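# Examining the three-dimensional arrangement
Listed below are the residues making up each chain.
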Amino acid sequence: MEIGYLDWALADFSGYIAADELYDGPFCVLSIVDNRTFKRLIYQVLDHDPNHQDITAFLRRFQAALRQRSLALNGVTTDASPLYPEPLQAVFGEVLHQICEFHILKELTKAILRAVAKVRKKLAARKPTLKRGRPSTPAAKRAVRQRERLQQKIADLFEHRYLFVQHDLTPAERQRLKRITRGLPQLRTLRAIMEEVYRLFDRRCRTDTALAKLAKLRQRVRRFKEVGKILSKLQSPNLDKALTFLDDKLFPSTSNAVERGNRRHRKMQKTVYRVRTQEHIHNRIALDMVRDSKKEGRTSTLEALHRARAA
């Protein structure tokens, strides 16, 4: 089955792959998927957590399949896991290695939202303590108004927190963001930093240009001590490797191809399969791969049946 399936899957090999691991109970499924045709190429079910030796053996198995068909690998996309850099270097040498853009943006988005939550917590600590009963003195009435203003500010920051990380904002959303951050310049700085991060992944610029922009952004963040501590993810070398795709228009920036297969596996395990043995997981994935290889034939057969019934 494997030889026949690989002949079909690698017939239109794009040269770009996505690799990832999926944990299913005590087992781990290693997968390599064509990152442009979305075809699963090879997989392996382990009964333990993978290490560098497992990843290296898995990649060498895929390398042998490419050599048998005189195919070349142009680029690999993975998540930010430390499992892949050393084995990829050992097996494929200087092949381009792209860190998934989605995983990097996910971490930065979490950091921005944590910073907004920290500001809300500081505002809550500034709320004055009120005495019981109705306020009777001017000072007590001022304290009530101040507490209400701070509470409204906290509620607005929580309700519209998505504005700090959303990719594009409408003019109305920008006005709302400007209103809820009045008196909080550090939050406006966070939004400006997030916009600069999104600009780094613009395919219209080259990798060297994006890296230069990133260096300037890191220097800018260091000047804001509070923001710099929160956005330590900007200093990660994974962010540099997430910009590799800019020099190759065909290089996918995310590992969505393999993630889609993992989501399908989780869904089938949850609703249909419910198998938790190594052999059964192996056989179920093999069955799915065979079904994928026969999909074109099934589609043409169904279309012929529909035409025959319509006639």
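Residues numbered from 1 in each chain as written. Predicted model: local features only at pLDDT ≥ 70, side-chain atom pairs only at ≥ 80, totals over all residues. Heavy atoms only, no water.

### Looking at the side chain of Thr-78
With respect to the helices, strands and loops of the structure, Thr-78 is situated in strand β4 (residues 75-78). A relative accessible area of 0% places Thr-78 in the buried class. Excluding residues within four positions of it along the chain, Thr-78 makes contact with Ala-19, Tyr-84, His-97, Gln-98, Ile-99 and Cys-100. (Helix = DSSP H or I, 4+ residues; strand = E, 2+ residues; numbered from the N terminus. Buried < 20%, exposed > 50% of the residue type's maximum accessible area, 1.4 Å probe, protein only. Contact = heavy atoms within 4.5 Å.)

### Side note on the layout of surface pockets
For the largest pocket, the calculated volume is near 420 Å³. Lining the largest pocket are 18 residues, and of these Phe-38, Lys-39, Arg-40, Arg-264 and Asp-292 lie nearest its centre. Elements that contribute at least two residues to the lining of the largest pocket include exactly α1 (2-9), α11 (256-273), α12 (278-293) and α13 (295-310). It is α11 that contributes the most residues to the lining of the largest pocket, five residues altogether. Of the residues assigned to the lining of the largest pocket, the class counts are seven nonpolar, three polar and eight charged. (1 Å grid on protein atoms, 1.4 Å probe; cavity = no way out; pocket = protein on both sides within 12 Å on 5 of 7 lines; lining within 4 Å. Points joined across faces, edges and corners; volume = space filled by probe spheres on them. Nonpolar A, V, L, I, M, F, W, Y, C, P; charged D, E, K, R; others polar.)

### Quick word on the pairing of β4
Here β4 shows two buried faces, one formed by Gly-75 and Thr-77 and the other by Val-76 and Thr-78. Bridge count for β4 against strand β5 (residues 96-99) is four bridges, and the pairing is parallel. Within the sheet, the bridge partner assigned to Gly-75 lies in β5 and is Leu-96. The parallel pair β4 and β5 is bridged by helix α3 (residues 85-92), and the resulting crossover is right-handed. (Pairing = 2+ DSSP bridges. Right-handed = clockwise from strand over helix to strand, strands pointing away.)

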